[in-house]
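Understanding the architecture of this molecule
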Amino acid sequence: MGTGFFGTIEKIKFEGPASANPLAYRHYNPDEVVMGKRMEDHLRFAVAYWHTFVWPGTDPFGGNTFERPWFANTMEAAKLKADVAFEFFQLLGTPYYCFHDADVRPEGNNFAENTRNLNEIVDYFAGKQAETGVKLLWGTANLFSHRRYMSGAATNPDPDVFAFAAATVKTCLDATMKLGGENYVLWGGREGYETLLNTNLKHEMDQAGRFLNLVVEYKHKIGYKGAILIEPKPQEPTKHQYDYDVATVFAFLQKYGLEKEVKLNIEQGHAILAGHTFEHELALANAYGVFGSIDMNRNDYQSGWDTDQFPNNVPEMALAYYQVLAGGGFTSGGTNFDAKLRRQSIDPEDLLIGHIGGMDCCARGLKAAAGMLEDKALSGPLDERYAGWKQTEARKMLDGGFSLEEIEGWVLNSNVNPLPKSGKQEMLENIVNRYV
Ligand code: XLS
Ligand code: NI
Ligand code: NI
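As the structure is a prediction and not an experimental result, all values here were calculated from the model.

Cut-offs and rules
Residues numbered from 1 in each chain as written. Chains lettered and ligands numbered in written order. Predicted model: local features only at pLDDT ≥ 70, side-chain atom pairs only at ≥ 80, totals over all residues. Heavy atoms only, no water. Near = heavy atom within 4 Å. Polar contact = N/O pair within 3.5 Å; in protein donor to acceptor, adjacent residues only side chain to side chain. Areas by Shrake-Rupley, 256 points an atom, 1.4 Å probe, with all protein chains shown as cover. Nonpolar A, V, L, I, M, F, W, Y, C, P; charged D, E, K, R; others polar. Donors = N, O, S within 2.8 Å, 3.2 Å for Na, K, Ca; no water. Tetrahedral: all angles 85-135°; square planar, octahedral: opposite > 155°, others 65-115°. Helix = DSSP H or I, 4+ residues; strand = E, 2+ residues; numbered from the N terminus. Buried < 20%, exposed > 50% of the residue type's maximum accessible area, 1.4 Å probe, protein only. Patch = residues over 30% accessible without salt bridge, like charges linked within 9 Å, V, L, I, M, F, W, Y side chains within 5 Å. Salt bridge = Lys/Arg side-chain N within 4 Å of Asp/Glu carboxyl O. Expected span 1.5 Å × (residues − 1). Pairing = 2+ DSSP bridges. Contact = heavy atoms within 4.5 Å. Core = buried A, V, L, I, M, F, W, Y, C linked by side-chain atoms within 4.5 Å. 1 Å grid on protein atoms, 1.4 Å probe; cavity = no way out; pocket = protein on both sides within 12 Å on 5 of 7 lines; lining within 4 Å. Points joined across faces, edges and corners; volume = space filled by probe spheres on them.

**Quick notes on the site of ligand 1**
Around ligand 1, a shell composed of W50, H100, W138, W187, E231, K233, E267, H270, D295, D306 and D338 is seen. Taking W50, its side chain carries an N or O atom lying 3.4 Å from an oxygen atom of ligand 1. Take D295: an N or O atom from its side chain is 3.0 Å from an oxygen atom of ligand 1. Its free accessible area being 300 Å², ligand 1 has 94% of it covered by the protein chains. Counted by class, the shell around ligand 1 contains three nonpolar, two polar and six charged residues.

**Quick look at the coordination of the nickel ion (ligand 2)**
Around the nickel ion (ligand 2), the protein contributes the donor atoms E231 (OE), E267 (OE), D295 (OD) and D338 (OD), which lie 2.0 to 2.1 Å from the metal centre. Geometry at the nickel ion (ligand 2) is octahedral, judged from its six donor atoms and the angles of 79 to 175 degrees they form at the metal. In the primary structure, the donors to the nickel ion (ligand 2) are separated according to the pattern E-x35-E-x27-D-x42-D. A gap of 3.7 Å separates the nickel ion (ligand 2) and the nickel ion (ligand 3), which E267 links by coordinating each metal. One end of the pair, E231, is in strand β10 (residues 227-231); the other, D338, is in the loop between β14 (335-337) and α12 (348-374), and 107 residues separate them in sequence. In this structure E231 comes out as buried when scored by relative accessible area, which is 3%. D338 sits in the buried class, given a relative accessible area of 7%.

**So, a nonpolar patch on the surface**
Together, L382, Y386, W389 and L398 make up an exposed nonpolar region whose accessible area comes to about 460 Å². Accessibility expressed as a relative area gives 47% for L382, which makes it partly exposed.

**Examining helix α11 (residues 314-326)**
Between its terminal C-alpha atoms α11 stretches 18 Å, which fits the 18 Å expected from 13 residues at 1.5 Å a residue. Along α11, the positions that sit buried rather than exposed are V314, M317, A318, A320, Y321, Y322, Q323, V324 and L325. Among the residues trailing α11, G328 stands out with phi positive, at a value near 105 degrees.

**Concerning the coordination of the nickel ion (ligand 3)**
Of the protein atoms, only E267 (OE), H270 (NE2) and D306 (OD) coordinate the nickel ion (ligand 3), at distances of 2.1 to 2.3 Å. Each donor residue of the nickel ion (ligand 3) lies on the same chain, and together they follow the pattern E-x2-H-x35-D. On the basis of relative accessible area, H270 is assigned to the buried category, the value being 4%.

**Points about the pairing of strand β12 (residues 262-267)**
The buried fraction of β12 amounts to five of the six residues, a majority that puts the element mostly inside the structure. Pairing of β10 with β12, which is carried by three bridges, proceeds in the parallel orientation. In the strand pairing of β12, I230 is matched with L264. Bridge count for β12 against strand β13 (residues 291-295) is four bridges, and the pairing is parallel. By the bridge assignment for β13, L264 is matched with F291.

**A short note on the side chain of Q129**
Along the chain, Q129 falls in helix α5 (residues 111-132). Apart from residues lying up to four places away in sequence, Q129 is in contact with F86, Y97, V134, L136 and L179.

**Here we look at the nonpolar core**
The biggest cluster of nonpolar side chains holds 122 residues, and the ones touching the most others in it are Y49, F89, Y97, F125 and Y321. Tallying contributions element by element places α12 first for this core, with 13 residues.

**A word on the layout of surface pockets**
The calculated volume of the second largest pocket comes to roughly 1,000 Å³. Forming the walls of the second largest pocket are 27 residues, and the residues nearest its centre are L382, R385, Y386, G423 and L428. Put simply, the parts of the chain that give the lining of the second largest pocket at least two residues each are α11, α13 (379-385), α14 (392-399) and α16 (425-435). Residue classes in the lining of the second largest pocket are distributed as 14 nonpolar, seven polar and six charged.

**Structural notes on empty space enclosed by the protein**
By the definition in use, this model includes four cavities of 30 Å³ or more. Put simply, the largest cavity is a space of about 270 Å³. What lines the largest cavity is a set of 22 residues, among which A154, L186, G188, E191 and D243 lie closest to the centre. For the lining of the largest cavity, the secondary-structure elements that each account for two or more residues are β8 (183-187) and α7 (201-222). Take the lining of the largest cavity: its biggest share by element is four residues, from β8. Its residues assigned to classes, the lining of the largest cavity comprises 15 nonpolar, four polar and three charged.

Here it is as structure tokens:
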């Protein structure tokens, strides 16, 4: 017996590109094989509990537009929410979900109550996972909503807040492990600052470094096999977030000796806020060997904040999945829709329609990316552009076999006299457009 929240809607099916049914997939066909792998196994879609089941549709000028029957701070409501969530995952056929502790349990009056509530819900989830086969892509702790975190969690000037946050992460990592979660994410919520006038930046960075080391030490101690992921974001909620972008986070990981322990969860909207393209962030994470997972939600290009919209731009998705596939595809990671409806989309079916559109868009992007890779449409010209580096002298310059004087000798003796070559950008853009 279901909750009835989604009325008579049945499991969403693949009906092919010609279908006009808003409650059907036109491109996402889980069993279709792309580059030797099922689409479902490539994309590893996850639903974000917080936006889909918790966000009430507020904005700075107005209150809740969504009125869900589970909006109450009780265990009963938390269980109803879980029932609806697992019905939703099954209707969509999404293999994974993600949650923060605060999304799933009633808020307690202290740490002990929070932990008790979390553990009760984790047991409930374990039963639901076993019943449905739905899995946990990642768990995380909400260290930013409660007022105790207004000046940060790990980077709070008050050590009591650091302790409360650390203890909370421990319980959330325990919960994630218990539920077989494949990753544990730390997004630096309010880890940042508003003004240097009241901030000891070096002290706060050292706190964050120690905090993350504590998490990694504990992970090894309990034998958790999933990946620890940091999610970069440049601003919002604080003016200066410490985890600005991939490059900043990698420098942080190196400074605190964690670059082999921690990978990255990269969000499209955060890349845009940082003034990068999503594919830049993905390519950089690949280059540093720290690519982990993605949050697949776009921003409005005019807004300057995190609007968390479902993806709907196929060429953008194609270039993103091109980087994902070029790096070997997901291992523990996946495609999480950290995306929310617009606040006027108040019908239960809108939740399904938002995800269906996002999944179809990702499927088209994936197929376009796979096509480009299989045909070597971009990698062929790219290899050619760098072919000169295969030459003996060029190799010596790179691998340390040549000093600066030896390079000078080579340039003189062989009359090295470079001629500019076209970068062919328009030709390459036209190639991409053949696939999207
Ligand atoms: C906020 C972040 C957040 C993380 C999880 O901007 O994207 O939702 O993904 O804490
Ligand atoms: Ni996110
Ligand atoms: Ni975000």
